Amino acid sequence: MSKYLNIGALGDLMARPIVLAFFIVQFVVLVALAASWHNRETSDGCLYCHADKARMEADGYPQFFMTREQVEKESRMPGVTCRDCHLGDGRSRDKDKAHAGMLKMLVIDQNATPMPRKGVLDSIAPTGDNRMYAHFPKVIEDGELYPNPDVFTVLWHDRDPVTLGYDPEIAKKTCGKSGCHPDETGQWAKTIMGGNVRQRSMRHWTDTHGPNNCGPSWADLPPEAGASAGFSDANYNIIKGQLSCPSTYENAKDRQRFCNLCHGGCMDCHFDPNAKTGIHTFTRRVPSTNCNGGGRGTGMCHAGTQERRRGDTYLGNEFSQPAGMPPDVHVKAGLECVDCHETGASGMGDIQRAVDCGGCHYSATLAHEKGVHKKLRCTACHTASLGGYQMTVWGKGHIAGKPSPFKKYSLYYGVMERPIIIKDQDGFYTPYKVWPNMATNMKDEVARKDGVTFRWPDGETRDAYAMLGTFSGLPGANKALGWLQLEAVGHGPAKARTCGSCHDSTAQKAHATWEYLNYAGAEPFTGEQDVEADEGGLRVVNIRPTSEINLIGDAEPWDFAAWLYMGDFFRVKGDFSIPKADAGKYRAYVASEAAFRSEAARVEARLASLDKTGKDYEPLARKLRKVRDVGEHDPAAGIAEIRKAGL
């Protein structure tokens, strides 16, 4: 017999009923498995309910009516399915089975704990006219909409429900899945922003990068962990050893959950639900409103770090603190944050701090770089008022409804006029917001240090601090670690400072007024302080309340207002004066500036006499804009430009 089975033999074999049945069953199983594999990510079960308008209305959820075509149009993702983003079981028509494992947005209460969404936030469609709270749960009082006081913020569904931080494992299953954006999510995980490297590098109060207004990284993972979700007790074990009072690891995790709210992922940047294009809208060009929390309150993203810590508001209006500060001039021109803060070589999330003003303002930048003020940052002259925090005290209080030594009393909201100009680590004069910070209940003595220390000496940031050491005069065995926070600022460009604002004196002085609005420790009260900088040092002085302080419950004043006991503690030695100008050169410069303004006014008068629709108007207007750009930064060069242009 041949070792090869011939066709006739195969036919004989298949003619046997039991063998034929075996092959048929095998074939059916293979087809079923193939069909199951093919349909494993189907969303037909989702659409069975959600695309049925009558069913959704009958179930009491008309806002969740959604068709496949509508989602594709809103998201601008052809072929996208519900399960691609939401997970769950898209094959099942049973509600409980279909929703098992489904990702959901998280409504976070005042204790940094997820709370039931039903009846609190039934739709993410924007409501009200305050963009800061567009997607925030609301309550109705006297016919008006107000942010729900029980809610702290809202998190999109790429967050870990325990740590509240961005969860890269969720991203890998959704945004980063094969066929979608795997490269981008991989890039994000390795960036400074994606890995929250700056904050994670501050492990305890006296670490390499100094004490910071945001506090240390209480229970977070180390910076080398990249974009990852989880807790670690490594930092806490150091921090608790620095304290003179009891603390627990739970205290640290409670504090860390609030910190994690700021540190987002894909959805925080690119998800843009709105009334015009729908609640499934995504965008490539990140809106500045998303950089400032995306309408989910003040506890998200740069709504905290920029609008409140730095205070150099970009969007202004309802986003600033206090509300109503004017927006940056670039907002009026329609620019988003990412138009200036471009993406670097590392890809998605590698947002650059440094900006190139010359990309738009070429003539002005070139004239500035050749002029006598070439060692000044553009923002040194053009940044005016600084809002947000004017004071911060870390002390005992309650976090997540429990006693904790890690309470942050930072809502000393107010305005500092104007920034203090200080030479940065690159030798450029840079505008800074300067304000006192203190952490109480410290155990060990820390020495005062002259001058300022730049947190990242190689220039990754220009932020700095002045270490003031410990103050031992608080009641009980309670020391306060004090420092001056120096935040480099660069938004809110305004009309340039006058020459006299810097050169009438080498000393600098700024005044800040504030209102305490923590509603913890004490009822709201007002206060003020002065910031002084000269050849003798940098100081915050004359700190005083301007209204009565009424304590709440059994609060102690030193917990939220340790500065009441600390007198003139907030000072550091060093030369912080503005360099004295040569008298002769200064007079010549002022005269040159006056001559330029006179010449420019003559050209402006000529332009005003022309018909705006005539052929000569726009060419002359363009020449005048260039003349202004040059002359405002180098008057002599501006006069030369007028002559060169034949004006």
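The residue numbering used here restarts from 1 in each chain and proceeds along that chain's sequence as written. Where totals are concerned, whole chains, interfaces and linings use all residues; where local detail is concerned, this predicted model gives features only for residues with pLDDT of at least 70, and gives and counts side-chain atom pairs only at 80 or more. Side-chain figures throughout are based on the complete set of non-hydrogen atoms in the structure, without hydrogens or water.

Caption draft 1: Spatial organisation of the overall build of the protein chain. A run of H or I in DSSP counts as a helix once it spans at least four residues, and a run of E counts as a strand once it spans at least two, with each numbered from the N terminus. Per the secondary structure count, the protein chain includes 24 helices and 17 strands. On the principal axes, the C-alpha backbone points of the protein chain span a range of 115 × 80 × 65 Å. Per-residue accessibility, obtained with a 1.4 Å probe over protein chains only, is compared with the maximum for each type, and a residue is labelled buried under 20%, exposed over 50%, and partly exposed between these values. Per-residue burial for the protein chain yields a buried fraction of 47% across its 647 residues. Considering only contacts within the protein chain whose residues lie at least 6 apart along the sequence, 63% involve residues at least 24 apart. Within the structure as shown, the protein chain displays about 31800 Å² of accessible surface, and the carbon and sulfur contribution to it stands at 56%. By the counting scheme adopted, Arg and Lys are positive, Glu and Asp are negative, and His together with the chain ends is not counted. For the purpose of locating charges, the reference atoms are NZ of Lys, CZ of Arg, CG of Asp and CD of Glu. Of note, the protein chain has its 78 positive side-chain charges centred 4 Å away from the centre of its 79 negative side-chain charges. In what follows, a contact means two residues having at least one pair of non-hydrogen atoms within 4.5 Å. Note that accessible areas follow from Shrake-Rupley with a 1.4 Å probe, and for residues the cover is restricted to the protein chains shown.

Caption draft 2: Geometry of the sheet that holds strand β8 (residues 412-417). Here, a strand pair is defined by DSSP locating no fewer than two bridges between the strands. One open sheet holds the five strands; their spatial order is β8-β14-β15-β16-β17, and the pairing between them is antiparallel. This sheet does not close on itself; its edge strands, each paired only once, are β8 and β17 (571-573). Averaged over all pairs of adjacent strands, the angle between strand axes in this sheet comes to 15°, irrespective of strand direction. Pairing analysis gives nine bridges linking strand β14 (residues 508-516) to strand β15 (residues 525-534), with the strands arranged antiparallel. Note that in β15 the partner of His511 across the bridge is Asp530. Here the axes come from fitting lines to C-alpha atoms, over the contacting stretch only for helices, and the angles between their N-to-C directions go from 0 to 180 degrees.

Caption draft 3: Quick look at the sheet that holds strand β2 (residues 114-115). Pairing is antiparallel in the open sheet, where three strands are placed in the order β2-β1-β5. The open sheet has two edge strands with one neighbour each: β2 and β5 (151-155).

Caption draft 4: A look at the state of the cysteines. Any cysteine sulfur atom paired with another within 2.5 Å is treated as part of a disulfide. All chains considered together, the criterion is met by zero disulfides. Looking at the unpaired Cys502, the closest cysteine sulfur is the one in Cys381, lying at 6.2 Å. For Cys502, a relative accessible area of 16% puts it in the buried group.

Caption draft 5: Region of the structure containing unusual backbone geometry. The linkage connecting Gln321 with the following residue, Pro322, adopts the cis geometry, with an omega of 5°. A positive phi is found at Cys301, a non-glycine position, where the angle reads about 50°. Taking relative accessible area as the criterion, Cys301 reaches 12% and is therefore assigned buried.

Caption draft 6: View of the nonpolar core. We call a set of buried Ala, Val, Leu, Ile, Met, Phe, Trp, Tyr and Cys residues a nonpolar core when their side-chain atoms join them within 4.5 Å. By size, the foremost hydrophobic cluster in this structure holds 44 residues, and its most contacted members are Tyr412, Ile420, Val434, Leu484, Leu538, Trp563 and Phe570. Per-element accounting of this core gives the leading share, five residues, to strand β12 (residues 464-474). Ignoring sequence-local partners within four residues, the contact set of Ile420 consists of Thr430, Pro431, Tyr432, Val434, Gln508, Ala510, Val531, Ala533 and Leu538.

Caption draft 7: Structural view of helix α24 (residues 635-644). If you check which residues of α24 are buried, you get Pro635, Gly638, Ile639, Glu641 and Ile642. Projected down its long axis, α24 shows its buried positions confined to an angular sector of 155°, all on one face. Residues of α24 that are exposed and point over 90 degrees away from its buried face: Arg643 and Lys644. The inward-facing, buried residues of α24 abut α22 (583-608) and α23 (617-631). Downstream of α24 by a residue or two, Gly646 has a phi angle that is positive, lying close to 70°. This arc is taken over the directions from the axis of the helix to the C-beta atoms.

Caption draft 8: Main features of the packing of α23 against α24. Direction vectors running N to C along α23 and α24 enclose 155°, while the axes themselves pass 7 Å from each other. Between α23 and α24, the interaxial angle falls into the category roughly antiparallel. Counting all contacts with α23, which are made through Lys626, Val627, Val630 and Gly631, the residues of α24 involved are Pro635, Ala637, Gly638, Glu641 and Ile642. Note on residue classes: Ala, Val, Leu, Ile, Met, Phe, Trp, Tyr, Cys and Pro are nonpolar, Asp, Glu, Lys and Arg are charged, and everything else, Gly too, is polar. By residue class, the composition of the contact of α23 with α24 is five nonpolar, two polar and two charged. The scheme is simple: roughly parallel for angles under 35 degrees, roughly antiparallel for over 145, roughly perpendicular for 65 to 115, oblique for anything else.

Caption draft 9: Main features of a positive patch on the surface. On the surface, a cluster of positive charge is made up of Lys95, Lys104, Arg117 and Lys118. Arg117 sits in the partly exposed class, given a relative accessible area of 30%. By definition, no residue in a patch forms a salt bridge, and every one has over 30% relative accessible area; like charges are joined within 9 Å, nonpolar side chains (Val, Leu, Ile, Met, Phe, Trp, Tyr) within 5 Å. Should a side-chain nitrogen of Lys or Arg be within 4 Å of a carboxyl oxygen of Asp or Glu, the pair is scored as a salt bridge.

Caption draft 10: Highlighting the environment of Lys95. Within the fold, Lys95 resides in helix α7 (residues 95-99). Residue classification places Lys95 among the exposed residues on the basis of a relative accessible area of 52%. Residues Lys95 and Cys49 lie 46 residues apart in sequence; the distance between their C-alpha atoms is 8.8 Å.

Caption draft 11: Structural context of the side chain of Asp463. Locating Asp463 in the fold gives a position in the loop between β11 (453-454) and β12. When its relative accessible area of 6% is taken as the criterion, Asp463 is described as buried. From its side chain, Asp463 meets the backbone nitrogen of Ala488 in a polar contact 3.1 Å long. Side-chain atoms alone can form a polar contact between residues adjacent in sequence; in general such a contact is a pair of N or O atoms within 3.5 Å, and within protein one must be able to donate a hydrogen while the other accepts it.

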